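Structural overview for review
As a plain string of letters, each chain reads:
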Amino acid sequence: MLDSIKDVVRKSSIHVCIVNCGGCNGCDVECVALLSPRYDLEQYGIYVHNNPREADVLLLTGAVTEQWRTNLKRVYDKAPEPKIVVSIGNCPISGDVFNQEGGHVYAPASNFIPVDASVPGCPPRPSEILEAILAVGPQAIADRGREKK
């Protein structure tokens, strides 16, 4: 009984997974702020998971560091089709202040995985992150043959 109720809820929801590839965690704080009563991410039917296998949308934060070059592709491959990626902040877009000559930051993240939407800023506001999720999330649900109610 409980599993059937969960299935109904899951089919009409957007599930996101936050993937931090290195950086200052400023964008992660803004993503977590979406769970606060002020933004209430769940009122839009958006749920945060730690497992990319359950995600419709991967939220990519932080600059791609040496350790994450191969791990990012592995995490991306674990996400179910269609794979929707939203890069959050300047770091996955350009490396920002961490992208120094001779450093171990590799930017942009789109060199390693396809990125569907980007939210620039250092860090971007939670409302901008929410807008990006709502812009690409319903398409992910439609592509999987589910309907947003």
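Everything discussed here concerns the structure shown above.
Notes on the structure follow. Owing to the predicted nature of the structure, the values given are computational and were not obtained by experimental measurement.

Looking now at unusual backbone geometry. Along the chain, Ala107 connects to Pro108 via a cis peptide bond; the corresponding omega equals 0°. You can see Pro108 is positioned in the loop between β6 (105–106) and β7 (117–119). With an omega of -10°, the peptide bond running from Cys122 to Pro123 counts as cis. Within the secondary structure, Pro123 is located in the loop between β7 and α5 (126–143). Phi at Asn25 is positive, roughly 70°, even though this residue is not glycine. Mapped onto the secondary structure, Asn25 falls in the loop between β1 (14–20) and α2 (26–33). Exposure remark for Asn25: the relative accessible area of 41% places this residue in the partly exposed category. At Asp40, a position not held by glycine, the phi torsion is positive, near 45°. Considering the arrangement of structural elements, one finds Asp40 in the loop between α2 and β2 (46–49).

Moving on, we come to empty space enclosed by the protein. Applying the stated criterion across every chain, the model contains 2 cavities of 30 Å³ or more. The computed volume of the largest cavity comes to approximately 50 Å³. With 3 residues, the single largest contributor to the lining of the largest cavity is α2. Residues that form the lining of the largest cavity fall into these classes: 3 nonpolar, 7 polar and 1 charged. Each pocket or cavity is described by its volume, and for the second largest cavity that value is around 40 Å³. What lines the second largest cavity is Cys24, Cys27, Asn90, Cys91, Asp96, Gly121, Cys122 and Pro123. Of the residues contributing to the lining of the second largest cavity, the split by class is 5 nonpolar, 2 polar and 1 charged.

What counts, and where the lines are drawn
Residues numbered from 1 in each chain as written. Predicted model: local features only at pLDDT ≥ 70, side-chain atom pairs only at ≥ 80, totals over all residues. Heavy atoms only, no water. Helix = DSSP H or I, 4+ residues; strand = E, 2+ residues; numbered from the N terminus. Buried < 20%, exposed > 50% of the residue type's maximum accessible area, 1.4 Å probe, protein only. 1 Å grid on protein atoms, 1.4 Å probe; cavity = no way out; pocket = protein on both sides within 12 Å on 5 of 7 lines; lining within 4 Å. Points joined across faces, edges and corners; volume = space filled by probe spheres on them. Nonpolar A, V, L, I, M, F, W, Y, C, P; charged D, E, K, R; others polar.

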